[in-house]
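Residue strings, one per chain:
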Amino acid sequence: MNRGTEKDEEEKDKRRAEEEDKKEGVGDEEGSQQEKGRLMLADGLAEKGPKPLSFAAGQRVSNGLPSTAPQSPAETTGPQDTASGSGGGGGAAGTNAVPAGGLRTLVVQQMSLERPRETWSKKMDFLLSVIGYAVDLGNVWRFPYICYQNGGGAFLLPYLLMAVFGGVPLFYMELALGQFHRSGCISIWKHICPIFKGIGFAICIIALYIAFYYNTIMAWSLYYLLSCFRPTLPWATCSNSWNTANCKLYTYMDRNVTWSNSSTSPAEEFYTRQVLQVHLSPGLHQLGSISWQLALCLLFIFTIVYFSIWKGVKTSGKVVWVTATFPYLVLLVLLVRGATLPGAWRGVVFYLQPDWRKLLSTTVWVDAAAQIFFSLGPGFGVLLAFASYNPFHNNCYKDALLTSSVNCLTSFLSGFVIFTVLGYMAEMRQQEVSAVAKDAGPSLLFIIYAEAIANMPASTFFAVIFFLMLIMLGLDSTFAGLEGVITAMIDEFPQLLAKRRELFVFGLVCVCYLGALSTLTYGGAYVVKLFEEYATGPAVITVVLLEVIAVSWFYGTDRFCRDVQLMLGIYPGWFWRVCWVAICPCFLLFIIISFLAFPPEVRLFDYQYPAWTNVLGYCIGVSSFICVPTYMVYYLLRAKGSFKQRLLKSITPEPSSEGHRDYIVTNAV
């Protein structure tokens, strides 16, 4: 009995010991999860892992550790798996033996102590955001006007050439830079060329100027949209309180109305005398009072903007599923409707009929270069910000080609939507299409197109969807422009702003609203035109020129191409390298010189801008660009050492410590 009792006690002791060992093992496993490193055993890395990229012996991989991997992917091929050729340190032990079951890949992820960066929920969120940013109001009103003004179909030749050799390479370069360095337009420069950091501050100021006037155009659209719910469209009659004796109402069925040069349409008077009320302001020297109706409309627009971007790309990425796709649906509906209108063919012929003699004019090539540049939108910090939220191995090369192609095709499609209606208007007025299409910019949409819609059957329906489309086209671009500023500031001041994003976004939106108040006055349309001509054009082109020079000449095209290869597994070809080094700088310099040599004649309605406004415009443009030389001087004065040492440090990029540099891939049993 005693022996039996002793055996029972021994068995109980063994069980207790085993249970304690199990508890310790679980505790060790939980502790290991909290360490900086994790080990993941993965089969089939060729499908799920990083892109293949071979390294020579001793060469460093993206995390800064020496590579011990084979020099070519072929050396790592096993019976079942083909492992990545990327090298890895700290886990290369055990690569001498390959089990009969096939080669397996050990992935070691060193967790960074820094806060993990937010990423897009889906790849489609990113693509729609970029497309929504690139496709804006300018695609609808600017491209059709520029096209017919510069030779119709013949304009497509310089437009495509400028896109292939200038616009798309810049677009691709910004996406790749943002995705690799995972930083906004300010902090990214310490990894490229620190002395050019002023470019980032200049971009943020330009983005604020754009927010000051661009959203006002959406406020006009919202005013039109709300006016659509009256029993009769207010711009369809001449019996309103704001109409004058020159107002002429005509329809396609009524040919008894005589149209003269002094005649005004009800749509023109509604736009100028009711929405803008420019007749109450003599010019920029006396803007007048603020329109409370437009102030409320703009407040509503900024409210939508705030609640769309306050949480980051997780929320804005969902909103663009509506704001980026709805305009295409409306464009298709309007295209079908326009094609069935009387005289639509006249507009299409006028739009596409080539005038090859125009190609001998320098103006055509300048307009083509400027149009593709402002359409794709490099240099505004948006592409850098959006791409910085991508996975490190996302194929930004295909994204650049896809989104830029969609943008150009949308511009071309918009031309048909606009000119089928202009042909219809010419048929109604019994005039030439050129006489009808004399208005450019917003007037083309708010006067000519609105008037055409008012004369269509089911005019209220088409008016509602048209102005909804304009609002959504503008919202996408506003989301993107402000996100570029927000990302830049949060990345530059993470300790101060990272945990206060909602409050910072609220403050930024308030600043933009207050800055836009001058555009809501009776003379606000004159302010919008001034900002549009001077605040963005030459300043942002100069900034992008410096950006290309800094990346291609200081950071180095070879180094940049190696970064692209590390992300995508492919080394950019000679075409892209030549464009980045030589063609893109010449492309941008060509636009700048042309702008300075032939400054635009600023005119709106019957108001000719006085000479002092040109000086004011150039001051607005310089106020953003001045950040670049100012920061250069500040950096050199702050740095330590001799002038040569300071200069060398100012052009030497700092190593990045982002999360994408913490992956080690090694072949192991």
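Residues numbered from 1 in each chain as written. Predicted model: local features only at pLDDT ≥ 70, side-chain atom pairs only at ≥ 80, totals over all residues. Heavy atoms only, no water.

Chemist: Help me out: how do you make sense of the overall build of the chain in this one?
Modeler: Along the chain, the regular secondary structure elements total 25 helices and five strands. Burial statistics for the chain: of 669 residues in total, 54% are counted as buried. In the chain, 82% of the contacts between residues at least 6 apart in sequence involve partners at least 24 apart. In the form shown here, the chain has an accessible surface area of approximately 29,800 Å², with 61% of it arising from carbon and sulfur atoms. (Helix = DSSP H or I, 4+ residues; strand = E, 2+ residues; numbered from the N terminus. Buried < 20%, exposed > 50% of the residue type's maximum accessible area, 1.4 Å probe, protein only. Contact = heavy atoms within 4.5 Å. Areas by Shrake-Rupley, 256 points an atom, 1.4 Å probe, with all protein chains shown as cover.)

Chemist: Before we go on, may I ask you to explain unusual backbone geometry in this structure?
Modeler: Note on backbone geometry: most residues besides glycine have negative phi, and most peptide bonds are trans. Not every positive phi belongs to a glycine, and Ala458 is a case in point at roughly 55°. By secondary structure assignment, the location of Ala458 is in the loop between helix H16 (442–454) and helix H17 (459–492). Owing to a relative accessible area of 51%, Ala458 belongs among the exposed residues under this scheme. Phi at Phe605 takes a positive value of approximately 55°, unusual for a residue other than glycine. Looking at the secondary structure, you find Phe605 in the loop between strand S3 (603–604) and strand S4 (607–608). The class of Phe605 is partly exposed, set by a relative accessible area of 28%.

Chemist: Just checking my understanding: could you explain the nonpolar core for this structure?
Modeler: General note: in soluble globular proteins, nonpolar side chains tend to be found buried as a group. Counting residues in hydrophobic clusters, the biggest one holds 197 residues, and the most contacted among them are Trp235 and Phe467. No other element matches the 20 residues that helix H6 (residues 198–227) contributes to this core. Residues in contact with Trp235, not counting those within four places in the same chain, are Tyr224, Ser227, Cys228, Pro266, Ala267, Phe270, Ala450, Glu451, Ala454, Ala463 and Phe467. (Core = buried A, V, L, I, M, F, W, Y, C linked by side-chain atoms within 4.5 Å.)

Chemist: How do you make sense of the packing of helix H5 (residues 156–181) against helix H14 (residues 396–429) when you look at a structure like this?
Modeler: Viewed as axis vectors pointing N to C, H5 and H14 meet at an angle of 140°, and their least axial separation amounts to 9 Å. Crossing geometry of H5 relative to H14 is assigned as right-handed. Facing Leu156, Tyr159, Val168, Phe171, Tyr172, Leu175, Ala176 and Gln179 of H5, the residues of H14 in contact are Cys396, Tyr397, Asp399, Ala400, Leu401, Thr403, Ser404, Cys408, Ser411 and Phe412. Taken together, the residues of the contact of H5 with H14 break down into 13 nonpolar, four polar and one charged. (Axes fitted to C-alpha atoms, helices over the stretch in contact; angles between N-to-C directions. Left-handed = near helix turned anticlockwise from the far one by under 90°. Nonpolar A, V, L, I, M, F, W, Y, C, P; charged D, E, K, R; others polar.)

Chemist: Mind showing me how you'd approach the packing of aromatic side chains here?
Modeler: Counted by the stated rule, this structure contains 56 aromatic pairs. Ring geometry for Tyr213 versus Phe531: centroids 6.3 Å apart, planes at 10°, classification stacked. Linking Tyr213 in helix H6 with Phe531 in helix H20 (residues 524–535), this pair joins segments that are 318 residues apart in sequence. Taken together, the aromatic side chains of Trp220, Tyr223, Tyr224, Trp235, Trp242, Phe270, Tyr271, Phe446, Tyr449, Phe466, Phe467 and Phe605 make up a single cluster linked through ring pairs. Geometry around Trp310 places Lys311 over its ring, the cationic atom sitting 4.8 Å from the centre. Across the ring face of Tyr555, the terminal group of Arg559 is positioned such that the distance to the ring centre comes to 5.1 Å. (Phe/Tyr/Trp six-rings, centres within 6.5 Å; stacked < 30°, edge-to-face > 60°. Lys NZ or Arg CZ within 6 Å of the ring centre and 35° of its normal.)

Chemist: Please explain the state of the cysteines as it appears in this structure.
Modeler: A covalent bond between the sulfur atoms of two cysteines is what we call a disulfide. For the coordinates displayed, the defined rule picks out one disulfide. One disulfide in the model links Cys238 with Cys247; its S-S distance is 1.9 Å. The sign of the S-S torsion, about -70°, decides the handedness of the disulfide formed by Cys238 and Cys247: left-handed. For Cys510, which is in no disulfide, the shortest distance to another cysteine sulfur is to Cys512 and amounts to 9.3 Å. (Disulfide = S-S within 2.5 Å.)

Chemist: Help me understand the side chain of Asp476 in this model?
Modeler: Looking at the element boundaries, Asp476 is found in helix H17. Here Asp476 occupies a buried position and makes no salt bridge, while the nearest side chain of opposite charge, Lys318, is found at 14 Å. Excluding residues within four positions of it along the chain, Asp476 makes contact with Gly132, Tyr133, Val320, Thr323 and Ala324. (Lys, Arg positive; Asp, Glu negative; His and termini not counted. Salt bridge = Lys/Arg side-chain N within 4 Å of Asp/Glu carboxyl O.)

Chemist: Quick question: what am I supposed to make of the side chain of Ser129 here?
Modeler: Counting through the fold element by element, Ser129 comes out in helix H3 (residues 123–134). We classify Ser129 as buried; its relative accessible area is 4%. Residues within four places of Ser129 in sequence aside, it is in contact with Trp120, Gly317, Val320 and Phe386.

Chemist: Looking at this model, I keep getting lost on helix H23 (residues 611–625). Mind explaining?
Modeler: At 3.6 residues per turn, the α-helix brings residues three or four places apart onto the same side. Its 15 residues give H23 an end-to-end C-alpha distance of 22 Å, which sits within 8% of 21 Å, the value for a rise of 1.5 Å per residue. Inspection of H23 places Thr613, Gly617, Ile620, Gly621 and Ser624 among the buried residues, and these make up the whole buried set. The arc that holds the buried residues of H23, viewed along the axis, is 90°, so those residues lie on one side. Within H23, the exposed residues directed more than 90 degrees away from the buried face are Ala611 and Val615. Tucked inside the fold, the buried residues of H23 contact H6, H20, helix H21 (537–568) and helix H24 (627–638). (Expected span 1.5 Å × (residues − 1). Arc of directions from axis to C-beta.)

Chemist: I'm lost on the confidence of the model for the chain in this one. Help?
Modeler: Fine structural detail should not be taken from predicted coordinates in areas where pLDDT scores are low. Counting all residues, the mean pLDDT for the chain is 81, and 79% of those residues have values of 70 or more. Per-residue pLDDT stays below 50 along residues 24–101; that stretch engages in 136 contacts with residues further than four places along the chain or on separate chains. (pLDDT = per-residue confidence, 0-100.)

Chemist: Teacher, can you tell me more about the environment of Ser414 here?
Modeler: Secondary-structure assignment places Ser414 in helix H14. For Ser414 and Leu331, which are 83 residues apart along the polypeptide, the C-alpha to C-alpha distance reads 7.2 Å. Residues within four places of Ser414 in sequence aside, it is in contact with Asn139, Val140, Pro144 and Leu331.

Chemist: Please explain the pattern of salt bridges as it appears in this structure.
Modeler: Pairing is possible between side chains that carry opposite charge, provided their charged atoms lie close to one another. The full count for this structure, using the stated rule, is nine salt bridges. A salt bridge links Lys311 to Glu502; the shortest N-O distance between them is 3.0 Å. Within this pair, whereas Lys311 is found in the loop between helix H8 (292–309) and helix H9 (313–323), its partner Glu502 is found in helix H19 (residues 501–515), the two being separated by 191 residues in sequence. A residue is classified by how much of its surface remains accessible, and Lys311, at 40% relative accessible area, is partly exposed.

Chemist: Can you walk me through the packing of H24 against helix H25 (residues 643–650) in this structure?
Modeler: Axes are the key here: two packed helices are described by the angle between their axes and the distance separating the axes. Two elements in contact, H24 and H25, have axes separated by 9 Å at closest approach and are oriented at 125°. Between H24 and H25, the angle falls in the class oblique. Judged by the twist between their axes, the crossing of H24 over H25 is right-handed. Contacts between H24 and H25 pair Tyr635, Leu636 and Leu637 from the former with Phe643, Arg646, Leu647, Lys649 and Ser650 from the latter. The residue inventory of the contact of H24 with H25, partitioned by class, reads five nonpolar, one polar and two charged. (Parallel < 35°, antiparallel > 145°, perpendicular 65-115°, else oblique.)

Chemist: Quick question: what am I supposed to make of helix H4 (residues 137–149) here?
Modeler: Compared with the 18 Å implied by 1.5 Å per residue over 13 residues, the 18 Å span of H4 between its first and last C-alpha is a close match. Most of H4 is tucked away: eleven of the 13 residues are buried. Listed as buried for H4 are Leu137, Gly138, Asn139, Val140, Trp141, Phe143, Pro144, Tyr145, Ile146, Cys147 and Tyr148. Backbone nitrogen of Gly138 and a side-chain oxygen of the N-cap are separated by 3.2 Å at the start of H4; the cap is Asp136. (Polar contact = N/O pair within 3.5 Å; in protein donor to acceptor, adjacent residues only side chain to side chain.)

Chemist: Is there a simple way to explain a nonpolar patch on the surface in this structure?
Modeler: A cluster of nonpolar side chains, Leu157, Leu161, Val164, Phe165 and Trp356, forms an exposed patch at the surface whose accessible area comes to about 460 Å². Checked against the element boundaries, Phe165 lands in helix H5. Classification of Phe165 by relative accessible area gives partly exposed; the value is 34%. (Patch = residues over 30% accessible without salt bridge, like charges linked within 9 Å, V, L, I, M, F, W, Y side chains within 5 Å.)

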